[in-house]
Amino acid sequence: MNARQPATTHDAEQEGLILDMLDRFLAVEVKPHVHRLEHDDIYPVEIVEKMKEMGLFGCIIDPEYGGLGLSTSTYAKIIERMSAVWMSISGIINSHLIMAMAVQRSGTEEQKRKFLPRFASGELRGGVGLTEPDAGTDLQSIRTVAVRDGDHYVVNGSKMWITNSMYGNCLALLVKTDPKAQPAHKGMSLLIAEKGEGFIVSKKLEKLGYKGIDTCALSFENYRVPADRLVGGVEGRGLQQVLGGLELGRINVAARGLGVAQAALDEAVAYAQVRKTFGKPIAEHQAIQLKLGEMATRTQAARLLVYAAAQAFDRGERCDMEAGMAKYFATEAGQENSLEAMRIFGGYGYSKEYNVERLYRDAPLLLIGEGTNELQRIIIAKQLIERNPA
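Undergrad: Now, about the overall build of the protein chain: what can you tell me, with residues and values included?
TA: Assigned secondary structure in the protein chain consists of 12 helices and nine strands. Relative to the 2.2 N^0.38 estimate, which gives 21 Å for 390 residues, the radius of gyration of the protein chain is 21 Å and therefore close to what a compact globule would have. On the principal axes, the C-alpha backbone points of the protein chain span a range of 80 × 50 × 40 Å. Evaluated residue by residue, the protein chain yields a buried proportion of 54% over its 390 residues. For the protein chain, long-range pairs separated by at least 24 residues make up 75% of all intrachain contacts whose partners lie at least 6 apart in sequence. For the protein chain, the exposed surface amounts to about 17,400 Å²; the carbon and sulfur share of it is 54%. Here the protein chain contributes 46 positively and 49 negatively charged side chains, and the mean placements of these two sets differ by 3 Å.

Shown next, in the form of structure tokens:
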């Protein structure tokens, strides 16, 4: 990982301008439409086009390749703000940038110059094709195979839960180029896979929450990928290339959890001051005050963990423990705050007329994505022991 230079006054000013622009965009172009788009599970085409114009699909891609080159710290704040308004649009960016950063981090110079500018502009937009019906956390168990045939790879297999795969047009596709390799990861490779004949979107998956964004099952039937799309140009490095992006992905998901936690807190604070029982606002009842106090503290603790992990990433430090802590705590904060907000709203919280029920449906995904929270605690414990030998 390349360490960024320490933040300067110019960086702070740039971040302020970008976040102000983002807040205006969210208030004017997103917030008024969330209820309809989410309720009907409609892909936000017009919002995505505006996100392209703002350069958000290239926000952390190096300026050398057409991106904005923002710090991870600024990126985390962007995702936090987006998720507080509508978590689905943050996922549209995140999956895309995991793909882009795999190429920026591990691709050949030719691949970087060919693909990164197109990723940054949103001309090529997509995500990562990792999970399969029988392989999620255990990626070494994937069965999708790519066989070399002259100057192409021929891919056969299936993928599941792939974000940006219906309306996007490219994936960083994890395959086995040597299914017999032992250990299995030595036979795994990553391909830059643009849509074409044999790349089949089998169906859009119905979800509890996280609606509006396209999450699909895919199948590959003799799908041909030019051999020069092998990331890095060498077979057998695909799993490492994917795992190299997990810290960034977990910081992103942590920022989403923080955004959901903050939104739930904001909704609860506002409602508690206008809803009255027994002749006074419920914010004056001690039972509600206890909930609000805990929600606010939980949100701020999550924020500090997310920002600390992002800053460590920007410094170029190993931060799997910090990213794991942030992902674990902030996503649990989102889940807990959404439930507490629903309790504060009472029966109204269960109604689709209010945002609280959407937050409650969106939050559980974050406990699972980018490595389950059970896995995060194991990573934290292992790193704790490794860093503090007896």
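Undergrad: Could you give an account of the nonpolar core, naming the residues involved and the relevant values?
TA: Core analysis: the largest hydrophobic core is formed by 97 residues, its most contacted members being Leu22, Val30, Met51, Met82, Phe119, Val306 and Ile344. Tallying contributions element by element places helix α8 (residues 246-274) first for this core, with 14 residues. Counting 17 residues, the second-largest nonpolar core is a separate cluster that includes Ala146, Val155, Ile162 and Phe199.

Undergrad: Tell me about the packing of aromatic side chains, and please be specific about residues and values.
TA: Applying the stated rule across the entire model yields eight aromatic pairs. Note on tyrosine 271 and phenylalanine 345: the rings are 4.0 Å apart at their centroids and 15 degrees apart in plane angle, and the pair reads as stacked. With tyrosine 271 in helix α8 and phenylalanine 345 in helix α10 (residues 320-345), this residue pair connects regions lying 74 residues apart in the sequence. The exposure class assigned to tyrosine 271 is buried, which follows from its relative accessible area of 10%. Put simply, the rings of Tyr271, Phe345, Tyr348 and Tyr354 pair up and form one aromatic cluster. Above the plane of the ring of tyrosine 307 lies lysine 77, whose end atom (NZ or CZ) is 5.2 Å from the centre. The ring of tyrosine 153 carries arginine 148 above its face, with NZ or CZ at 5.4 Å from the centroid.

Undergrad: Describe the state of the cysteines, listing the residues and the values that go with them.
TA: Scanning the model with the defined rule gives zero disulfides in all. Cysteine 319 supplies the cysteine sulfur nearest to cysteine 59, a cysteine that is in no disulfide, at a spacing of 17 Å. When its relative accessible area of 1% is taken as the criterion, cysteine 59 is described as buried. Here cysteine 216 is not cross-linked by a disulfide; its sulfur's nearest cysteine counterpart is in cysteine 170, at 15 Å.

Undergrad: Describe in detail the environment of arginine 125, supporting the description with residues and values.
TA: Counting through the fold element by element, arginine 125 comes out in the loop between α6 (109-121) and β1 (126-129). Linking arginine 125 and phenylalanine 220, residues 95 residues apart in sequence, is a C-alpha distance of 19 Å. With sequence-adjacent residues up to four places away left out, arginine 125 is seen in contact with Tyr43, Val48, Lys52, Phe57, Ile92, His96, Met99, Asn164, Tyr167, Gly168, Asn169 and Cys170. Reaching out from arginine 125, the side chain makes a polar contact with the side chain of tyrosine 43 at a distance of 2.6 Å. Here the side chain of arginine 125 touches tyrosine 167 through a polar contact of 3.2 Å, landing on its backbone oxygen.

Undergrad: Now, about the side chain of serine 90: what can you tell me, with residues and values included?
TA: With respect to the element layout, serine 90 can be found in helix α5 (residues 87-106). Dropping the residues within four chain positions of it, serine 90 is found in contact with Ile79, Met82, Ser83 and Arg256.

Undergrad: Summarise helix α3 (residues 45-53); cite the residues concerned and give the values.
TA: Every buried residue of α3 is accounted for by Ile47, Val48 and Met51. Projected down its long axis, α3 carries its buried residues within an arc of 100 degrees, all on one side. Seen from the open side of α3, the exposed residues pointing more than 90 degrees away from its buried face are Glu46 and Glu53. Count one or two residues on from α3 and you reach glycine 55, which has phi positive near 80 degrees.

Undergrad: How would you sum up unusual backbone geometry? Please name residues and give values.
TA: Geometrically, the link from glutamine 182 to proline 183 is a cis peptide bond, its omega value of -10 degrees lying close to zero. Within the secondary structure, proline 183 is located in the loop between β4 (170-176) and β5 (188-194). A positive phi angle is found at tryptophan 161, which is not glycine, with a value near 60 degrees. Along the chain, tryptophan 161 turns up in strand β3 (residues 152-163). The residue asparagine 222 is not glycine, and still its phi comes out positive at about 50 degrees. As for its position among the elements, asparagine 222 is in strand β7 (residues 215-226).

Undergrad: Any details on helix α9 (residues 286-314)? Residues and values, ideally.
TA: In this model, α9 (29 residues) spans 42 Å end to end at C-alpha, consistent with the 42 Å of a helix rising 1.5 Å per residue. Phi turns positive, to about 85 degrees, at glycine 316, one or two residues after α9.

Undergrad: Residue-level account of the side chain of glutamate 80, with values.
TA: Summarising the element assignment, glutamate 80 is placed in helix α4 (residues 72-85). Using a relative accessible area of 7% as the deciding quantity, one classes glutamate 80 as buried. There is a polar contact of 3.0 Å between the side chain of glutamate 80 and the side chain of arginine 303. Apart from the residues within four sequence positions on either side, glutamate 80 is in contact with Ala255, Leu258, Gly259, Arg303 and Tyr307.

So, how was this worked out
Residues numbered from 1 in each chain as written. Predicted model: local features only at pLDDT ≥ 70, side-chain atom pairs only at ≥ 80, totals over all residues. Heavy atoms only, no water. Helix = DSSP H or I, 4+ residues; strand = E, 2+ residues; numbered from the N terminus. Rg over C-alpha atoms; globule rule 2.2 N^0.38 Å. Buried < 20%, exposed > 50% of the residue type's maximum accessible area, 1.4 Å probe, protein only. Contact = heavy atoms within 4.5 Å. Areas by Shrake-Rupley, 256 points an atom, 1.4 Å probe, with all protein chains shown as cover. Lys, Arg positive; Asp, Glu negative; His and termini not counted. Charge placed at Lys NZ, Arg CZ, Asp CG, Glu CD. Core = buried A, V, L, I, M, F, W, Y, C linked by side-chain atoms within 4.5 Å. Phe/Tyr/Trp six-rings, centres within 6.5 Å; stacked < 30°, edge-to-face > 60°. Lys NZ or Arg CZ within 6 Å of the ring centre and 35° of its normal. Disulfide = S-S within 2.5 Å. Polar contact = N/O pair within 3.5 Å; in protein donor to acceptor, adjacent residues only side chain to side chain. Arc of directions from axis to C-beta. Expected span 1.5 Å × (residues − 1).

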